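Inside the fold
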Amino acid sequence: REWAEVAQREVENLYTVTALAWRSDGSRLIIGSLCGGVDMFDVCIRRARYRDTHEFTYVSVSQVIVKSLATGSRIVLKSNVGFEIKKINIFQERFLVAQTPESLLLGDLQTCRLSEIPWNTSNTEKYFFDTPTVCMIFKKGELSLVEYGCNEVLACVRTEYMSPHLISVRINGPEENAMAPPGCELKVIAYLLDLTTV
């Protein structure tokens, strides 16, 4: 990576900087000076509104703060591999889908669980959010399941019968499952292979 100077800001009577700190999400820079002054700078690249329900603050090309305007709750959406976030959508006021050139970011705004999976977007994908812990993605006869908080595809199956009413996904944690070995999760999917076979 190469660092490039983007912009300068000259602050009168700043003299010597004695303290410097970033906000944990990277959106603000706080500077303390020798004379006892404290200055805070907003260092975001840009801001955008989404349907007057959410605000997107682009801290960098690969990191966006998503803020709910109704509740004030915030979540930091970040590409783990540094890809530029190109497009962000929010479904049902809860589920987040963001696209980069080589990955797909999925998130649940209520539980603050985010996932990033390798993905080549064709803009023909259909997203289903009927299971609260899993996002179902249907693309060209293939169904992919992504569990929020996991950075890999949970399951991928071929089916032409895509309807959230014809698919069942069940994920039990180790404390909820008596059938699985101790400490293991049980993850099960039921779907139609054809009109008569589950």
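Here, every reference points to the structure presented above.
None of these values were measured; they are calculated from a predicted model.

**Quick notes on the overall build of the protein**
When its secondary structure is counted, the protein shows zero helices and 17 strands. Burial analysis of the protein (198 residues in total) assigns 38% to the buried set. Long-range pairs, those at least 24 residues apart, make up 30% of the contacts in the protein with a sequence separation of at least 6. Total accessible area on the protein stands at roughly 12600 Å², and carbon and sulfur atoms take up 51% of it.

**Focus: the packing of aromatic side chains**
Evaluation of the coordinates by the stated rule reveals five aromatic pairs. A network of ring pairs unites the aromatic residues Phe91, Phe95, Tyr127, Phe129 and Tyr148 as a single cluster. When the ring centre of Tyr58 is taken as origin, the NZ or CZ atom of Arg46, which lies over that ring, is 3.9 Å away.

**As for the pattern of salt bridges**
According to the stated counting rule, one finds six salt bridges in the structure shown. With its nearest N and O atoms 2.1 Å apart, the salt bridge here joins Asp25 to Arg74. A residue pair is termed long-range when its members are at least 10 positions apart, and Asp25 in the loop between strand 1 (17–22) and strand 2 (28–33) and Arg74 in strand 7 (residues 74–78) qualify at 49 residues. Owing to a relative accessible area of 7%, Asp25 belongs among the buried residues under this scheme. Residue Arg74 is classed as partly exposed on the basis of its relative accessible area of 37%. Each of Arg23, Asp25 and Arg74 takes part in salt bridges that share partners, so that together they form one network.

**Here's the deal with the environment of Lys139**
Among the secondary structure elements, Lys139 is positioned in strand 13 (residues 134–139). Every residue in contact with Lys139, bar those within four places of it in the chain, is listed here: Trp119, Asn120, Ser122, Thr124 and Glu125.

**So, the nonpolar core**
Within the largest apolar cluster, 14 residues are counted, with the highest numbers of intra-cluster contacts made by Phe56, Val64, Val66, Leu77, Ile88, Ile90 and Leu96. Listed by contribution, the elements that provide at least two residues to this core are strand 5 (54–60), strand 6 (63–68), strand 7, strand 8 (87–91) and strand 9 (95–99). When neighbours within four sequence positions are excluded, Val66 is seen to be in contact with His54, Glu55, Phe56, Ser73, Arg74, Ile75, Leu77, Ile90, Leu96 and Leu109.

**Structural notes on the side chain of Glu116**
Within the secondary structure, Glu116 sits in strand 11 (residues 113–118). Here Ser103 takes part through its side chain, which lies 2.8 Å from a polar atom of the side chain of Glu116. With sequence-adjacent residues up to four places away left out, Glu116 is seen in contact with Lys78, Ser79, Asn80, Val81, Phe83, Ser103, Leu104, Leu105 and Asn151.

**Here we look at the sheet that holds strand 11**
Strand order in the open sheet made by the four strands is 8-9-10-11, with antiparallel pairing throughout. Each end of this open sheet is capped by a strand with a single partner; those strands are strand 8 and strand 11. Ignoring which end each strand starts from, the neighbouring axes of this sheet average 15 degrees apart. Bridge count for strand 9 against strand 10 (residues 103–108) is five bridges, and the pairing is antiparallel. The residue of strand 10 that forms the bridge with Leu96 is Gly107.

Analysis parameters
- Residues numbered from 1 in each chain as written.
- Predicted model: local features only at pLDDT ≥ 70, side-chain atom pairs only at ≥ 80, totals over all residues.
- Heavy atoms only, no water.
- Helix = DSSP H or I, 4+ residues; strand = E, 2+ residues; numbered from the N terminus.
- Buried < 20%, exposed > 50% of the residue type's maximum accessible area, 1.4 Å probe, protein only.
- Contact = heavy atoms within 4.5 Å.
- Areas by Shrake-Rupley, 256 points an atom, 1.4 Å probe, with all protein chains shown as cover.
- Phe/Tyr/Trp six-rings, centres within 6.5 Å; stacked < 30°, edge-to-face > 60°.
- Lys NZ or Arg CZ within 6 Å of the ring centre and 35° of its normal.
- Salt bridge = Lys/Arg side-chain N within 4 Å of Asp/Glu carboxyl O.
- Core = buried A, V, L, I, M, F, W, Y, C linked by side-chain atoms within 4.5 Å.
- Polar contact = N/O pair within 3.5 Å; in protein donor to acceptor, adjacent residues only side chain to side chain.
- Pairing = 2+ DSSP bridges.
- Axes fitted to C-alpha atoms, helices over the stretch in contact; angles between N-to-C directions.

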